[in-house]
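# Residue-level structure breakdown
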Amino acid sequence: MKNKAPWIAIILIIGIMAIPFFTRNDDNTLVTGQTPSEMANAPGDYTEPDIDTSTGKKGGIPKDAIGIIEIDSLDIHYPIYEGATEAQLSRGIGHLPETAGLLEQGNCVLCGHNGSSRGLFFTTLSHIRKDAQVRITTKDKRSRIYCVKSTRVVSPHDPSVRKKRDEEVLTLFTCAYHGTRRFVATCVPYIETQTTAPSEIS
């Protein structure tokens, strides 16, 4: 038994070191309810985008994308695709189809991987600050700036992330704590306040 003790300790150490690898696969589920294997077999367009996903700016918006998201404070510039399977999330940011569309009334939910071989995507999202600006530009060149109202960490299947709303809200989320939690940023349309006094009437 004494000779087996070192081997048991080595096996336990290897097992502990392997935990992040396996929990990382859980990141792919986000809050879509799909397992990694289901997402890998999901239908989708896997053609190369005509955009540099490291910047999201070269070549404009890909032909099969629905828009682009830009968060200058985090150096996030990525195309947005309709859907949240691996087909979309391996190339950019995904839009949950059951939520409001881009720039529409209601809760528009966008999700992205926390690190990927194709790009950083939403890896730095957890560093976003309140009042940070987020610009969404649609395929037809309409654009709107949103302002981060609040951030929070929730469970993977928290229904509040996709909750329907009457007002226009932009919800961004990504994995946190090795896929066991989700980091969520809630944004509202940015309204620029008037800083210059109106001209005096003579």
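These lines cover the structure that appears in this document, whether it is placed above or below. What you are looking at is a predicted structure, and each value in this text was computed from that prediction instead of being measured. (Residues numbered from 1 in each chain as written. Predicted model: local features only at pLDDT ≥ 70, side-chain atom pairs only at ≥ 80, totals over all residues. Heavy atoms only, no water.)

## Quick word on the nonpolar core
- Counting residues in hydrophobic clusters, the biggest one holds 27 residues, and the most contacted among them are Ile69, Leu110, Ile128, Val134, Ile136 and Leu172.
- Those elements that place two or more of their residues in this core are strand E1 (67-71), strand E2 (76-82), strand E4 (107-111), strand E7 (133-138), strand E8 (143-154), strand E9 (169-176) and strand E10 (181-189).
- Those residues in contact with Leu172 that sit more than four places away from it in its chain are Ile69, Ile71, Leu110, Phe122, Leu125, Val134, Phe183, Val184, Ala185 and Cys187. (Core = buried A, V, L, I, M, F, W, Y, C linked by side-chain atoms within 4.5 Å. Buried < 20%, exposed > 50% of the residue type's maximum accessible area, 1.4 Å probe, protein only. Helix = DSSP H or I, 4+ residues; strand = E, 2+ residues; numbered from the N terminus. Contact = heavy atoms within 4.5 Å.)

## Quick word on unusual backbone geometry
- In this model, Leu103 sits at a positive phi of 65°, which is unusual for a non-glycine residue.
- In this structure, Leu103 sits in the loop between strand E3 (93-95) and E4.
- Backbone geometry at Tyr177 places phi at a positive 50°, although glycine is not the residue there.
- Summarising the element assignment, Tyr177 is placed in the loop between E9 and E10.
- Overall, the relative accessible area of 58% leaves Tyr177 in the exposed class.

## Describing the pattern of salt bridges
- Within the structure shown, the criterion is met by five salt bridges.
- Notably, a salt bridge pairs Asp64 with Arg91, separated by 2.8 Å at the nearest N-O pair. Placement of the pair is Asp64 in the loop between helix H2 (36-40) and E1 and Arg91 in the loop between helix H3 (86-89) and E3, with a sequence separation of 27 residues.
- Of the residues examined, Arg91 reaches a relative accessible area of 3% and is grouped as buried.
- Across the pair Glu167 and Arg165 runs a salt bridge, and its minimum N-O distance is 3.5 Å.
- With relative accessibility at 41%, the residue Glu167 sits in the partly exposed group. (Salt bridge = Lys/Arg side-chain N within 4 Å of Asp/Glu carboxyl O.)

## Thoughts on the sheet that holds E1
- Pairing in this closed barrel of eight strands is mixed, and the strands run E1-E2-E3-E4-E9-E10-E8-E7 around the ring. Each neighbouring strand pair of the sheet contributes to a mean axis angle of 30°, computed without reference to strand direction. (Pairing = 2+ DSSP bridges. Axes fitted to C-alpha atoms, helices over the stretch in contact; angles between N-to-C directions.)

## Quick notes on the pairing of E4
- Of all the five residues making up E4, five are buried; the element is thus mostly covered by neighbouring parts of the structure.
- Because side chains alternate across E4, one face comprises the buried residues Asn107, Val109 and Cys111, and the other comprises Cys108 and Leu110, equally buried.
- The pairing of E3 with E4 spans two bridges and is antiparallel. The residue of E4 that forms the bridge with His95 is Leu110.
- When E4 meets E9, the two strands line up parallel, connected through five bridges. Bridge pairing links Val109 to Thr171 in E9.

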